[in-house]
Amino acid sequence: MLDMFKTKVLLFLYLLLSPYLMSDGHIFVYHRFDDNRYPTTNTSISELKKEFNYFKKHHYQVVPLMQMVNKIKAGEAVPDKWVALTIDDGFKSFYTNGLPIFKAFNYPFTLFVAVKYTEKKYKDYVSWKQLKEIAKYGDVEFHSYGHGHYGQMSNDAIRADMDKGLALMKKHLNYTPKLFVYPYGEYDDRVDQVVKSYGFEAVFNQNIGAVNGTCTNPYDIDRSALVGHAPFKLYLKFQELCGVTFEEPSSFPQDKIVKTVKVTLEDKSITNAEIFISNNGWHRVKVKDGKILWHANKKVKLDRIKIGVKVKNKIKLMVLSK
């Protein structure tokens with residue numbers, strides 16, 4: 001009788017907690033704050049407060065990025081109420097406009113610095129002195145030296161850029177970074193291998209998505225950008241689509257026409273999905289035995305495109321650059 005009671009209690013707890021055990025956290029990325037000169041990378045302070053107040057009201061726990069990384073590396077599920085906040089590049093507007101709001105909410109953050117602009121004292125970027133002040137309230141990590149297009153650079157050029165930036169961070173901050181973000185969110189298998197050789201704990205992209213933890217690649221972690229009036233409430237509903245292999249296209253289409261999209265899904269029970277191509281939106285496709293084969297023939301406009309797959313609220317994107 002006692003064993004049956006224990007079984008029922010355990011079953012009740014599992015059903016109660018399973019949405020948390022099986023759902024996903026989210027990582028967001030910001031760039032500029034209250035700098036209307038650059039609307040495509042700017043977040044107003046009023047919008048930032050709106051987002052932070054929503055997190056607070058709806059009981060989201062803003063955790064240090066490394067706390068989420070530790071879950072991923074342990075292969076553990078990330079709770080759906082976990083949010084991590086990151087800032088890219090090192091614009092001065094974060095120090096002057098954004099940081100006071102982070103401090104007011106007592107929210108941890110990770111700033112990824114493109115070192116060249118600090119070292120050469122570009123006026124729109126933080127100084128080394130300001131970075132030391134920022135490091136009192138959050139983490140400072142690495143975003144390359146010159147913020148170049150790694151996909152268009154040789155292995156030796158990538159290493160030279162990485163080595164120069166890392167040496168400067170060690171010199172000025174006495175710190176060896178543990179985390180890295182690809183410049184422009186651009187990467188491929190070759191770039192991935194070069195970056196991995198530096199032994200970072202984790203590497204991040206800039207693809208809309210979520211962080212499951214149990215299936216997340218620690219060297220390709222999704223972050224959703226919150227710029228302008230981003231649909232952050234929608235982003236919070238996304239889960240990571242696990243077991244996705246993007247097969248075609250495998251490189252940027254030189255004629256800027258995505259002819260065929262081929263994707264393999266590990267979950268063979270899926271029969272319907274949606275495919276995303278930059279400038280073309282989402283398109284419904286059929287899935288047969290875990291295979292998607294769509295003759296898209298879609299024109300793209302930019303030199304960096306995203307291709308994604310979505311099944312209900314589960315999503316996974318990849319990037320291709322010229």
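Check the entry above for the structure.
All values derive from a computational prediction rather than experimental measurement.

Caption draft 1: Expanded view of the environment of D163. Along the chain, D163 falls in helix 7 (residues 155-173). On the accessibility criterion, D163 (42% relative accessible area) is partly exposed. With 36 residues separating them along the chain, D163 and G199 place their C-alpha atoms 13 Å apart. Here the side chain of D163 touches Y198 through a polar contact of 2.8 Å, side chain to side chain.

Caption draft 2: Layout of the state of the cysteines. For the coordinates displayed, the defined rule picks out one disulfide. One disulfide in the model links C215 with C242; its S-S distance is 1.9 Å. Its S-S torsion of approximately -60° makes the covalent link between C215 and C242 left-handed. Residue C215 is found in the loop between strand 9 (202-204) and strand 10 (224-225), and its partner C242 is found in the loop between strand 11 (239-240) and strand 12 (244-248); the two are separated by 27 residues along the sequence. Judged by relative accessible area, which is 30%, C215 ranks as partly exposed.

Caption draft 3: Structural detail: the environment of G148. Within the fold, G148 resides in the loop between strand 7 (139-142) and helix 7. Residues G148 and Y184 lie 36 residues apart in sequence; the distance between their C-alpha atoms is 8.1 Å. When neighbours within four sequence positions are excluded, G148 is seen to be in contact with M153, P183 and Y184.

Caption draft 4: Region of interest: a positive patch on the surface. Taken together, K50, K57, K233 and K237 make up a surface patch of like positive charges. Position of K237 relative to the elements: it lies in the loop between helix 9 (232-235) and strand 11. K237 sits in the exposed class, given a relative accessible area of 59%.

Caption draft 5: Structural context of the nonpolar core. Of all hydrophobic cores here, the largest spans 53 residues; its most connected members are F55, L85 and F102. If we ignore the near neighbours within four places in the chain, the residues touching F102 are Y30, F33, L48, F52, L85, I87, F94, Y107 and F109. Residues V258, V263, L265 and I270 belong to the second largest nonpolar core, which totals 23 residues.

Caption draft 6: Region of the structure containing the packing of aromatic side chains. Enumeration over the complete set of coordinates arrives at 30 aromatic pairs. Here F33 and F94 contribute two aromatic rings whose centre-to-centre distance is 5.6 Å and whose plane-to-plane angle is 50°, an arrangement assigned as tilted. Of the two residues, F33 sits in strand 2 (residues 32-33) while F94 sits in helix 4 (residues 92-105), which places them 61 residues apart along the sequence. Taking NZ or CZ as reference, R32 lies 3.7 Å from the ring centre of Y38, over its face. Over the aromatic face of W282 sits the side chain of K310, whose NZ or CZ is 5.3 Å from the ring centroid.

Caption draft 7: How the structure looks around the sheet that holds strand 12. A sheet is described by the order of its strands in space; here three strands give the open sequence 12-13-16, paired in antiparallel fashion. Two strands close off the open sheet at either side, each with one partner strand: strand 12 and strand 16 (291-299). Strand-to-strand twist of the sheet, defined as the mean angle between neighbouring strand axes without regard to direction, takes the value 25°. Relative to strand 13 (residues 257-265), strand 12 is paired through four bridges, and the arrangement is antiparallel.

Caption draft 8: Just the packing of helix 2 (residues 45-57) against helix 4, in detail. Contact geometry for helix 2 and helix 4: axes closest at 11 Å, N-to-C directions at 20°. By the criterion of interaxial angle, the relationship of helix 2 to helix 4 is roughly parallel. Crossing geometry of helix 2 relative to helix 4 is assigned as right-handed. In this structure, helix 2 uses I45, L48, K49, F52 and N53 to contact helix 4, whose residues at the interface are N97, G98, I101, F102 and F105.

Caption draft 9: The sheet that holds strand 18 (residues 314-321), seen in detail. Strand order in the open sheet formed by five strands is 11-18-17-14-15, with mixed pairing between adjacent strands. Edge positions in the open sheet fall to strand 11 and strand 15 (281-286), since each of these has one partner strand only. Relative to strand 18, strand 17 (residues 304-311) is paired through eight bridges, and the arrangement is antiparallel. Residue K310 lies in a different strand from strand 18, and its bridge partner there is I315.

About the thresholds
- Residues numbered from 1 in each chain as written.
- Predicted model: local features only at pLDDT ≥ 70, side-chain atom pairs only at ≥ 80, totals over all residues.
- Heavy atoms only, no water.
- Helix = DSSP H or I, 4+ residues; strand = E, 2+ residues; numbered from the N terminus.
- Buried < 20%, exposed > 50% of the residue type's maximum accessible area, 1.4 Å probe, protein only.
- Polar contact = N/O pair within 3.5 Å; in protein donor to acceptor, adjacent residues only side chain to side chain.
- Disulfide = S-S within 2.5 Å.
- Contact = heavy atoms within 4.5 Å.
- Patch = residues over 30% accessible without salt bridge, like charges linked within 9 Å, V, L, I, M, F, W, Y side chains within 5 Å.
- Areas by Shrake-Rupley, 256 points an atom, 1.4 Å probe, with all protein chains shown as cover.
- Salt bridge = Lys/Arg side-chain N within 4 Å of Asp/Glu carboxyl O.
- Lys, Arg positive; Asp, Glu negative; His and termini not counted.
- Charge placed at Lys NZ, Arg CZ, Asp CG, Glu CD.
- Core = buried A, V, L, I, M, F, W, Y, C linked by side-chain atoms within 4.5 Å.
- Phe/Tyr/Trp six-rings, centres within 6.5 Å; stacked < 30°, edge-to-face > 60°.
- Lys NZ or Arg CZ within 6 Å of the ring centre and 35° of its normal.
- Pairing = 2+ DSSP bridges.
- Axes fitted to C-alpha atoms, helices over the stretch in contact; angles between N-to-C directions.
- Parallel < 35°, antiparallel > 145°, perpendicular 65-115°, else oblique.
- Left-handed = near helix turned anticlockwise from the far one by under 90°.

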